[in-house]
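A look at the structure
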Amino acid sequence: MAFSFSFTALVLLISSLAASFLLLFRRTRYRRMGLPPGSLGLPLIGETLQLIKAYKTENPEPFIDERVARYGSVFITHLFGEPTVFSADAETNRFVLQNEGKLFECSYPASISNLMGEYSLIRMEGSLHKRMHSLTMSFANASVMKDHLLLDIDRLVRFNLGSWSSRVLLMEESKKMTFDVAVKQLTSFEPGEWSENLRKEYHLVIEGFFSLSHPLFSTTYRKAIKARRKVAEALTAVIMERRGEREEGAERKKDMLAALIAAEDGFSDEEIVDFFVAILVDAYETTPTIMTLAVKFLTETPLALAQLKEEHEKIRAMKSDSESLEWSDYKSMTFTQCVVNETLRVANVIGGVFRRTTTDVEMNGYNIPKGYKVFLSFRGVHLDPNNFEDSRTFNPWRWQSNSVTTSPSKMFTPFGGGPRICPGYELARVAISVFLHHLVTSFSWIHEEHDKMVFFPTTRTQKRYPIIVKRRDGGLSAT
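So, here is what we can say about the structure in this document. Being a predicted model, the structure only gives us computed values, none of them experimental.

1. Side note on the overall build of the chain
Regarding its fold elements, the chain presents 18 helices and 12 strands. Reported as C-alpha extents along the three principal axes, the dimensions of the chain are approximately 85 × 55 × 50 Å. Here the chain, with 479 residues, has 53% of them falling under the buried criterion. Taking all contacts inside the chain whose residues are at least 6 apart in sequence as the whole, residues at least 24 apart take part in 71%.

Have a look at this one:
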């Protein structure tokens, strides 16, 4: 018995010493390489578990705050299986984003890359990415929205809100709205059984984004791969049908699928599917989360909600109940844009982006070797009190002047930046603004129960933000 205890203690001691030696060796090696200071955590798993644990709470800031206080705004850590340079510095983030395709390339965990597909925007490089990015922006620019897209958004928002009564899970309803808008823009399909089935599969795809990227080790990833296959099959069937219609000389529709099929050098079915998968992820996840959190923050800030209502009631007073919003109405929503900006800043639905060095890079006084992963934390910049006064308080009035930061364009990057800036950022703003207009002019509401925010695997509220709604006189009628 004594021998057994002594042997076990010896093994534990040797293991501890070996682990300590490995950590010391790694730290010394990285310091000699000129890398930023930091902690690599445990062998193999690094600090991944600490990151996930922090982001599963409603206050993930300590993970960043503690390391910034100890090491500075650029530090090294070990996340998702490899050393990662973590930046919460606005200038460093801007440097990396502006040098996309020169010194850095897009790099995401294997689970996200695999589920998005080889021809999604996040995996495209060079001229193909530039071409597809430009095409996407051409379907979400001001002229297209003035021409017909704003009317489609207005109609689909009214359609969805028209069925509301009593208790509503706002996150769920927002996802229906934005997904319907995206499907309409991509394929001209109206809301129905096809789009609803597709949306349900998307939920499973996104759940697999931050899982282990092997179906044998992760049930979540296995379900995501299966759902992704169903999404691809559904989209491929639509593409093949449209190709057949084109060959028969049918009238061309004003959607993105028609543009891709008619492109001079053409796109394969697989390329179009992967491209659409990525766009629909944004429609299902990003924009509806901003919508929901805008309502949450407004509900918790009565003065802001009152000012927003006043702005929209003035717009609605000049229109009949059934009259759609016009571009001039959208451009007059100045306080609404303050609310959208502040929601983006506080919520940080896109908390940051991954990049990888394509050559040895000198950055912020440190040497980053070729092949190293870099994480640009937008959240760390947006919630830094040195950049925004009282940074963790929802205050839309800060956007009524340019005094909020020393250089807003450098500090505020909710849609990324450089050649990979989100191509649908203006479309997202329009959709959120139209939604808020019809919500505040058609309903009053109270939140049913406290619902806290969490940030892993994506930013959301735990209970999908349940509210009790009451239709205002003269509001939307159910359709």
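Having seen the structure, we can now continue with the description.
2. Comments concerning the pattern of salt bridges
All chains considered together, the criterion is met by 29 salt bridges. Across the pair R472 and E313 runs a salt bridge whose closest N-O atoms are separated by 2.7 Å. Taken as a pair, R472 in the segment after β12 (466-471) and E313 in helix α13 (residues 302-317) lie far apart in primary sequence, 159 residues in all. You can call E313 partly exposed: its relative accessible area is 33%. Connected via shared salt-bridge partners are E100, E125, R355 and R420.

3. Structural notes on helix α18 (residues 425-442)
Residues lying three or four places apart along an α-helix face the same way, a consequence of the helix completing one turn every 3.6 residues. Its 18 residues give α18 an end-to-end C-alpha distance of 26 Å, which sits within 8% of 26 Å, the value for a rise of 1.5 Å per residue. In terms of burial, α18 is largely enclosed, as 16 of its 18 residues are buried.

4. Looking at the sheet that holds β12
The sheet built from 3 strands is open, its strands ordered β4-β12-β9 with antiparallel pairing. A single partner strand is all that each edge strand has here, and the edge strands are β4 (166-169) and β9 (443-447). The mean inter-strand angle of the sheet, taken between neighbouring strand axes irrespective of direction, is 35°. Relative to β12, β4 runs antiparallel, the two sharing 4 bridges.

5. Some words on the nonpolar core
I153, W164, V295, V430, F435 and W445 are the most contacted members of the largest nonpolar core, which has 75 residues in total. By residue number, the principal contributor to this core is α18, which donates 10 residues. Here W445 is in contact with V295, T299, L305, L439, V440, I467, I468 and V469, once residues within four sequence places are set aside. Core analysis: the second largest hydrophobic core is formed by 43 residues, Y221, A263, F267 and A278 among them.

6. Structural notes on the side chain of T301
Mapped onto the fold, T301 is located in the loop between α12 (269-299) and α13. Separated by 2.8 Å, the side chain of T301 and the backbone oxygen of F297 make a polar contact. Leave out the neighbours within four places in its chain, and T301 touches F394 and W397.

7. A short note on the pairing of strand β8 (residues 373-377)
Regular strands place side chains that alternate from one sheet face to the opposite one. In terms of burial, β8 is largely enclosed, as 5 of its 5 residues are buried. Burial along β8 is two-sided: K373, F375 and S377 facing one way and V374 and L376 facing the other are all buried. Direction of pairing for strand β2 (residues 82-87) relative to β8: parallel, over a ladder of 4 bridges. Pairing of T84 across the sheet is with K373, part of β8.

8. Things to note about the state of the cysteines
Summed over the entire model, instances satisfying the criterion amount to 0 disulfides. Unpaired in this structure, C106 has its nearest cysteine sulfur neighbour in C422, at a distance of 13 Å. The class of C106 is buried, set by a relative accessible area of 11%.

9. Here we look at the sheet that holds β2
Spatially, the 5 strands line up as an open sheet ordered β1-β2-β8-β5-β3, and their pairing is mixed. Of all strands in the sheet, those with a lone pairing partner are β1 (74-79) and β3 (104-106), marking the two edges. Across the sheet, the mean angle from the axis of one strand to that of its neighbour is 35°, orientation sign disregarded. In the packing of helix α3 (residues 61-71) onto the sheet, contacts are made with β1, β2 and β8, and the angle to β1 comes to roughly 130°.

10. Remarks on the pairing of β2
Among the 6 residues of β2, 5 are classified as buried, and the element is accordingly described as predominantly covered. Pairing of β1 with β2, which is carried by 6 bridges, proceeds in the antiparallel orientation. Paired with L79 across the strands is E82, a residue of β2. Between the end of β1 and the start of β2, which pair antiparallel, lie 2 residues, with F80 showing a positive phi angle near 50°.

11. Quick word on unusual backbone geometry
Phi is positive for N348, which is not a glycine, with a value near 50°. For N348, the location among the structural elements is in the loop between α15 (334-347) and β5 (352-357). With a phi angle near 50°, D390 is a residue other than glycine that sits in the positive phi range. Relative to the helices and strands, D390 resides in the loop between α16 (378-382) and α17 (408-411).

12. Description of α3
Within α3 the residues assigned to the buried category are E61, F63, I64 and R67. The arc that holds the buried residues of α3, viewed along the axis, is 165°, so those residues lie on one side. α3 presents A69 and R70 as exposed residues on the side facing more than 90 degrees away from its buried surface. Where α3 is buried, its residues contact α2 (48-55), β1, β2, β8 and α16.

13. A few points about the environment of Q400
With respect to the helices and strands, the residue Q400 is situated in the loop between α16 and α17. Once residues lying within four places of it in the same chain are set aside, the contact partners of Q400 are Q307, F335 and C338.

How each quantity is defined
Residues numbered from 1 in each chain as written. Predicted model: local features only at pLDDT ≥ 70, side-chain atom pairs only at ≥ 80, totals over all residues. Heavy atoms only, no water. Helix = DSSP H or I, 4+ residues; strand = E, 2+ residues; numbered from the N terminus. Buried < 20%, exposed > 50% of the residue type's maximum accessible area, 1.4 Å probe, protein only. Contact = heavy atoms within 4.5 Å. Salt bridge = Lys/Arg side-chain N within 4 Å of Asp/Glu carboxyl O. Expected span 1.5 Å × (residues − 1). Pairing = 2+ DSSP bridges. Axes fitted to C-alpha atoms, helices over the stretch in contact; angles between N-to-C directions. Core = buried A, V, L, I, M, F, W, Y, C linked by side-chain atoms within 4.5 Å. Polar contact = N/O pair within 3.5 Å; in protein donor to acceptor, adjacent residues only side chain to side chain. Disulfide = S-S within 2.5 Å. Arc of directions from axis to C-beta.

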